[in-house]
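# Examination of the molecular architecture
What follows is each chain in one-letter form.
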Amino acid sequence: MKKTALITGAAGGIGFEFARTAAAQGYNLLLVDINEPHLIQTKETLLSSFSVQIEVFTQDLSTEDAASNIFGFAQFQEIEVELLFNNAGFGNFGYFAQSSWEKDRAMLQVHMVTATDLIKRFLPGMIRRGKGYILNNASVAAFVPGPLMSTYHASKAYLLNFSQALANEVRSHGIHVSVLCPGMTRTNFAKANGNENPNIKFNIADAHTVATFGFQGLMHGKVVLVPGIWNKLSAFLPRLLSRGRVTKMVGNIQRKNHAKRQDGKARVAI
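The paragraphs below set out a description of the structure included in this document. (Residues numbered from 1 in each chain as written. Predicted model: local features only at pLDDT ≥ 70, side-chain atom pairs only at ≥ 80, totals over all residues. Heavy atoms only, no water.)

Per the stated rule, a full pass over the model turns up two cavities of 30 Å³ or more. Lining of the largest cavity is provided by T8, L61, N86, N87, A88, V110, H111, T114, A115, N137, K156 and L159. When residues in the lining of the largest cavity are grouped by element, the largest group, four residues, is from helix α4 (residues 101-129). Here the residues of the lining of the largest cavity are counted per class, giving five nonpolar, six polar and one charged. (1 Å grid on protein atoms, 1.4 Å probe; cavity = no way out; pocket = protein on both sides within 12 Å on 5 of 7 lines; lining within 4 Å. Points joined across faces, edges and corners; volume = space filled by probe spheres on them. Helix = DSSP H or I, 4+ residues; strand = E, 2+ residues; numbered from the N terminus. Nonpolar A, V, L, I, M, F, W, Y, C, P; charged D, E, K, R; others polar.)

Here you go:
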């Protein structure tokens, strides 16, 4: 059976570019996203360029049964997933006491619970076949605490630590596990989390570059993948300074972003 790559959050951004890269390498695709129209458009776009089989599955990944539904669909279609990319995610920008718990809960479900559940379900098959690739999309935010995005940074830290530990567990079975830690990337992420106009604008990557970097790193068996020199420096910063000092620095930047956002809202109201 031809190898298949399962990609969540595949309807745009890094997920779409990763799907394009995987298809170019001969992978069939199982594309998952909550946005059905964009998902279908993604399938049509990829089929116009690559001779691969593509299945799409519309799913809200913030529901408790998301992983079960996806796994059930793959079993029904007799799809053997060789590569799993847990890419889907979003943020929640603002003070924790004032932010929406429903959005926080949904984000934690997507980043941690659903991603882990998918691995739990697909990993045994990879181990039986003696081959598999798992890539989790974390963030450079995983390396530092993040005031005003506290739950986002914490969830990405979970993915970083979980991926490193799992990579150690399963390497002897022929399974490669990597964690991608990009910085700001040109996708709809910033707009979705309410911080679409941040102060730092010089270190913004494009989704194709990040996806290609992630795919190549995964194939070469590297565990922690941090694209870009500035992101590598950001990841290394906590080793040079205390975590308290780094937290203060991040908090100062985020408060400026928050104040800028509130000022923009006030201007619109006027």
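Direction vectors running N to C along helix α1 (residues 13-24) and helix α2 (residues 36-47) enclose 30°, while the axes themselves pass 11 Å from each other. As judged from the angle between their axes, α1 and α2 are roughly parallel. As for how α1 packs across α2, the hand of that crossing is right-handed. Contact residues: F16, A19 and R20 in α1; T42, T45 and L46 in α2. Its residues assigned to classes, the contact of α1 with α2 shows three nonpolar, two polar and one charged. (Axes fitted to C-alpha atoms, helices over the stretch in contact; angles between N-to-C directions. Parallel < 35°, antiparallel > 145°, perpendicular 65-115°, else oblique. Left-handed = near helix turned anticlockwise from the far one by under 90°. Contact = heavy atoms within 4.5 Å.)

Moving on to the environment of E82. With respect to the element layout, E82 can be found in strand β4 (residues 81-86). Between the C-alpha atom of E82 and that of I253, which follows or precedes it by 171 residues, the distance is 40 Å. In contact with E82, not counting residues within four places along its chain, are K3, T4, Y27, M126, K131, G132 and Y133.

Attention now goes to the nonpolar core. Core analysis: the largest hydrophobic core is formed by 28 residues, its most contacted members being I7, F18, L29, L31, L83 and F85. For this core, the secondary structure elements donating two or more residues are β1 (4-8), α1, β2 (28-33), α2, β4, β5 (132-137) and α7 (207-219). In terms of residue count, the dominant contributor to this core is α1 (six residues). Every residue in contact with I7, bar those within four places of it in the chain, is listed here: G15, F18, A19, L29, L30, L31, V32 and F85. (Core = buried A, V, L, I, M, F, W, Y, C linked by side-chain atoms within 4.5 Å. Buried < 20%, exposed > 50% of the residue type's maximum accessible area, 1.4 Å probe, protein only.)

Empty space within the second largest pocket amounts to approximately 310 Å³. Taken together, the elements giving at least two residues each to the lining of the second largest pocket come down to α5 (150-170) and α8 (229-240). Examining the composition of the lining of the second largest pocket, we find that seven residues originate from one element, α5, more than from any other.

Nothing here speaks to function; it is all geometry.
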